[in-house]
Amino acid sequence: MKRPHLLPSFLLLLASAPCWAVEPLDTFSVRAGGYITDFDTKVRADGQTGQGTRIDLHRDLGLDNNNAIGVIALSWRPWEKHEFGLSWYRDSADAERNTDRDIDFNGQHYATHTRIRAKFDLDAYEGYYTWWAWGDERWALGPRVGLIWYQMDLDLSATADVNGDPVNARAGNNVNADLPAPTIGGSWRWAPGEHWRLSADAGYFSASLNDVDADVTFGRGGVEYFPWDNWGFSLDYTVRRIEADVDASRLDGNLRFVDSGVRVGVIYRF
């Protein structure tokens, strides 16, 4: 009995399968995945009687600036040229180490060799609007307005004095801040092939908002692959840089924050 020739049958099946081309824009999409972060954070918390020490959270406090966290995002284009998007992620880190220099933080003095426990929490909420002013069936370009709102919380507490003796009473304090980071820039999408799409976003803003005087720079570039019509995969690199002077009851000082990293995820679109 002769065996059927499977390879020609398989190739015929592929040839007869429906073919589609990914459009540069989606009507609706949901993305879920991982964010391999690289945070570079420096903060100065002033006290009532003097200026605080500028602290590098990684170098001075031992907080890990690399982490893998979850991220979720969605976009919606209810009209042909108008798109809205939202995303959210959360990160946290804690560490304990002896200081190698004197630190003044929010009115509290920590002498060299004091053992300090530090805890840092961050929630990031992002929203944007893009007007796709130009484009065709393969590409789209337009101005973009975005806002990412960081909720930061930093807690320091001394656990041992300079002699290594435990500190019984909690000698420490906490600062937290809502940090709005708006940007104005542009967005670009290009679908060079049936299953591939490239994208880029960029923006900048400098202004005072909610007791924060900040300069914000934002950039993102990515690639998407859709082996199926509605499902695909994404890979992108994002960086945000914020230099802010904060004058609020919960934090009076300065903050330099760089949020960058690689995101990988799964996309559902239509």
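Basis of the calculations
- Residues numbered from 1 in each chain as written.
- Predicted model: local features only at pLDDT ≥ 70, side-chain atom pairs only at ≥ 80, totals over all residues.
- Heavy atoms only, no water.
- Helix = DSSP H or I, 4+ residues; strand = E, 2+ residues; numbered from the N terminus.
- Buried < 20%, exposed > 50% of the residue type's maximum accessible area, 1.4 Å probe, protein only.
- Polar contact = N/O pair within 3.5 Å; in protein donor to acceptor, adjacent residues only side chain to side chain.
- Contact = heavy atoms within 4.5 Å.
- Patch = residues over 30% accessible without salt bridge, like charges linked within 9 Å, V, L, I, M, F, W, Y side chains within 5 Å.
- Areas by Shrake-Rupley, 256 points an atom, 1.4 Å probe, with all protein chains shown as cover.
- Salt bridge = Lys/Arg side-chain N within 4 Å of Asp/Glu carboxyl O.

Caption draft 1: Here's a closer look at unusual backbone geometry. Although it is not a glycine, asparagine 106 sits at a positive phi angle of roughly 55°. Within the secondary structure, asparagine 106 sits in the loop between strand 5 (103-105) and strand 6 (108-110). The partly exposed category is assigned to asparagine 106, whose relative accessible area is 30%. Even without a glycine there, the phi angle at histidine 113 is positive, about 80°. You can see histidine 113 is positioned in the loop between strand 6 and strand 7 (115-131).

Caption draft 2: View of the side chain of threonine 114. Relative to the helices and strands, threonine 114 is located in the loop between strand 6 and strand 7. The class for threonine 114 is buried, based on a relative accessible area of 8%. In this structure the side chain of threonine 114 is engaged in a polar contact, spanning 2.7 Å, whose partner is the backbone oxygen of alanine 111. Filtering out sequence-adjacent residues up to four positions away, threonine 114 remains in contact with Arg97, Asn98, Thr99, Ala158, Ala160, Asp161 and Val162.

Caption draft 3: Main features of a nonpolar patch on the surface. Residues Trp196, Tyr225, Trp228, Trp231, Phe233, Val266, Tyr268 and Phe270 make up a contiguous nonpolar surface patch of about 820 Å² in total accessible area. Every element with two or more residues in the nonpolar patch is listed here: strand 13 (231-247) and strand 14 (252-269). Relative to the helices and strands, tryptophan 231 resides in strand 13.

Nothing here speaks to function; it is geometry throughout.
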